[in-house]
Amino acid sequence: MALLEAKNLSISFGGLRAVDGFSIEVEKGELYGLIGPNGAGKTTVFNLLTGVYQADEGRIILDGKDITRLDPVHKNQNGIARTFQNIRLYSHLSVIDNVKVGLHNHFHYSTLAGLLRLPSYYKVEKEIEERARELLSVFNMENEADVMSSNLPYGKQRKLEIARALATDPKLLLLDEPAAGMNPNETAELMETIQFIREKFGMTILLIEHDMKLVSGICERLTVLNFGRMLAMGETKEVLKNPEVVKAYLGE
Ligand SMILES: Nc1ncnc2c1ncn2[C@@H]1O[C@H](COP(=O)(O)OP(=O)(O)OP(=O)(O)O)[C@@H](O)[C@H]1O
Ligand SMILES: [Mg+2]
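Residues numbered from 1 in each chain as written. Chains lettered and ligands numbered in written order. Predicted model: local features only at pLDDT ≥ 70, side-chain atom pairs only at ≥ 80, totals over all residues. Heavy atoms only, no water.

(A) View of the site of ligand 1. By nearness alone, 15 residues border ligand 1, and G39, K42, T44, Y53 and Q85 come closest of all. Between ligand 1 and K42, the relevant distance is 2.7 Å, taken from an oxygen atom to a side-chain nitrogen or oxygen of the residue. Here an oxygen atom of ligand 1 and a side-chain polar atom of T44 are 2.6 Å apart. Coverage of ligand 1 by the protein amounts to 65% of the 630 Å² it exposes when considered alone. Put simply, the parts of the chain that give the shell around ligand 1 at least two residues each are β2 (16-26) and α1 (42-49). Broken down by element, the residue count for the shell around ligand 1 peaks at three residues, all from α1. (Near = heavy atom within 4 Å. Polar contact = N/O pair within 3.5 Å; in protein donor to acceptor, adjacent residues only side chain to side chain. Areas by Shrake-Rupley, 256 points an atom, 1.4 Å probe, with all protein chains shown as cover. Helix = DSSP H or I, 4+ residues; strand = E, 2+ residues; numbered from the N terminus.)

Structure (structure tokens):
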């Protein structure tokens with residue numbers, strides 16, 4: 001059974017069918033790419049999977065559970081986390097506090113214990129602190145824990161956003177153009193980080209990306225979207241050779 005199964009998802013905005021009959025099966029532990037020209041509907045697929053938009057039609061099944069109608073908070077609690085095409089960090093918070101925001105969703109102490117600063121509160125806070133530092137060290141960012149996130153270089157802001165998404169302990173990680181705006185060195189490092197996350201956490205990753213070097217370097221399978229519809233899917237090498245795909249990219 002696939003970890004993520006989306007069947008026939010569609011959504012229209014006014015007269016525009018932004019996503020039309022999108023289906024995908026992503027296996028557990030797989031690194032899967034979603035590509036296509038600008039405006040093809042890739043981010044809209046993520047917005048459907050994460051509950052930002054509700055599909056007009058179709059089903060979303062995660063780990064055997066139908067999560068189609070859940071809102072973003074409950075989709076996240078069921079195991080879907082994402083990063084955004086335009087970085088969305090809490091820029092006024094430190095690096096470690098950004099990670100803690102993600103962790104707080106998954107550690108629970110009663111509000112009363114929090115208000116009264118009871119022992120259970122301190123225990124949970126200590127555990128959150130430790131976990132946050134552990135996650136930062138995975139990204140080689142433990143020395144920047146107390147830096148204001150807006151003061152980080154661009155490539156590290158992108159990594160921090162991934163760390164924060166991982167803090168919610170997802171089953172499926174969605175990355176929307178993680179290499180956008182990165183220089184070649186940052187992109188190469190990012191590729192290693194993504195592969196490392198997959199190996200260390202056994203994470204299943206679906207990523208949108210325009211950087212074909214990254215896509216062909218790390219994705220096992222691809223789906224290509226064009227004008228909201230699926231143009232091709234399959235093994236990365238085969239898909240990138242597909243004449244229809246080449247044509248869509250060259251815009252002939
Ligand atoms: N909330 C919305 N309201 C109206 N139209 C929308 C909305 N969201 C997306 N669209 C339209 O849906 C289409 C697909 O947009 P989407 O952002 O999914 O493309 P994309 O494949 O992610 O493109 P890019 O590579 O540029 O990020 C576009 O024509 C876009 O203008
Ligand atoms: Mg997009």
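(B) Structural view of the coordination of the magnesium ion (ligand 2). The magnesium ion (ligand 2) binds to the protein through T43 (OG1) and Q85 (OE1), with metal-donor distances spanning 2.0 to 2.2 Å. Of this pair, T43 sits in helix α1 while Q85 is found in the loop between β6 (80-82) and α3 (95-104), placing the two residues 42 residues apart along the sequence. (Donors = N, O, S within 2.8 Å, 3.2 Å for Na, K, Ca; no water.)

(C) How the structure looks around the packing of aromatic side chains. Taken as a whole and judged by the stated rule, the model has one aromatic pair. Measuring from ring centre to ring centre gives 5.1 Å for F13 and Y53, while their planes differ by 70°; the resulting arrangement is edge-to-face. Of this pair, F13 sits in strand β1 (residues 4-13) while Y53 is found in the loop between α1 and β4 (57-62), placing the two residues 40 residues apart along the sequence. One cation-aromatic arrangement involves R88 over F84; the distance from NZ or CZ to the ring centre is 3.9 Å. Sitting over the ring of F201, K200 keeps its end group 6.0 Å from the ring centre. (Phe/Tyr/Trp six-rings, centres within 6.5 Å; stacked < 30°, edge-to-face > 60°. Lys NZ or Arg CZ within 6 Å of the ring centre and 35° of its normal.)

(D) Highlighting the environment of M148. Looking at the secondary structure, you find M148 in the loop between α5 (119-138) and α6 (154-167). For M148, a relative accessible area of 37% corresponds to the partly exposed category. Considering only alpha carbons, one finds M148 and T236, 88 residues apart in sequence, at a separation of 39 Å. Setting aside chain neighbours within four positions, we find M148 in contact with S91, H92, L93 and S94. (Buried < 20%, exposed > 50% of the residue type's maximum accessible area, 1.4 Å probe, protein only. Contact = heavy atoms within 4.5 Å.)

(E) Examining the sheet that holds strand β5 (residues 65-66) more closely. What the four strands build is an open sheet, ordered β2-β1-β4-β5; its pairing is antiparallel. The two strands at the open ends of the sheet, each matched to only one other strand, are β2 and β5. Of the pairings in the sheet, the one linking β4 to β5 comprises two bridges and is antiparallel in character. Looking at β5, one finds that I61 is bridged to D66. (Pairing = 2+ DSSP bridges.)

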